[in-house]
Amino acid sequence: MIPQLVTVRHRRPDGRWLRLYVPVLPVLLALSPLLLLAVLAGLVACVVFRVSPVGALRGTGQLLWALPGTRFEIEDGRTAVLVSVR
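Quick caveat, the model's predicted, so the values are computed rather than measured.

A few points about the pairing of strand 2 (residues 17–23)
Pairing between strand 1 (residues 5–11) and strand 2: seven bridges, direction antiparallel. Bridge assignment links Arg 9 to a residue of strand 2, and that residue is Arg 19. Following strand 1, the chain reverses through five residues before pairing antiparallel with strand 2; Gly 15 in that reversal takes a positive phi of roughly 95°.

Structural data, given as structure tokens:
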């Protein structure tokens, strides 16, 4: 199942949290030209480093399949970001 919504929380300098909801499908559609270039670059990298493109694609698919329900937090000094994938 591909994630449908990514929630990003960012702590503002005054200590309050800003919550952003990012829908995955519209972002993918808007960035699809760049995604196509990234896939082509990945295929070239697979050929250069002699990695199976099918294996690399399968690994990417497994990573995307495991994303829903994932949460990670990055905190550095006064800056904090919490990302959760639904």
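Once you've had a look at it, read on.
Considering the side chain of Thr 7
For Thr 7, the location among the structural elements is in strand 1. Ignoring anything within four residues of it in the chain, the contact list for Thr 7 reads Arg 19, Leu 20, Tyr 21, Leu 82, Val 83, Ser 84 and Arg 86.

Remarks on the pairing of strand 3 (residues 71–76)
Where burial is concerned, little of strand 3 is hidden: zero out of the six residues are buried. Two strands pair when backbone bridges link them, and strand 3 and strand 4 (residues 79–85) are joined in this way by six bridges, in the antiparallel orientation. Considered in strand 4, the bridge of Ile 74 is made with Val 81. Linking two consecutive strands that pair antiparallel, namely strand 3 and strand 4, is a turn of two residues; a positive phi of about 65° is found at Gly 77 within it.

Some words on the sheet that holds strand 4
Spatially, the four strands line up as an open sheet ordered 2-1-4-3, and their pairing is antiparallel. Looking along the sheet, the strands with just one partner apiece sit at the ends: strand 2 and strand 3. This sheet shows a mean twist of 15° between the axes of neighbouring strands, independent of strand direction.

Criteria and cut-off values
Residues numbered from 1 in each chain as written. Predicted model: local features only at pLDDT ≥ 70, side-chain atom pairs only at ≥ 80, totals over all residues. Heavy atoms only, no water. Pairing = 2+ DSSP bridges. Helix = DSSP H or I, 4+ residues; strand = E, 2+ residues; numbered from the N terminus. Contact = heavy atoms within 4.5 Å. Buried < 20%, exposed > 50% of the residue type's maximum accessible area, 1.4 Å probe, protein only. Axes fitted to C-alpha atoms, helices over the stretch in contact; angles between N-to-C directions.

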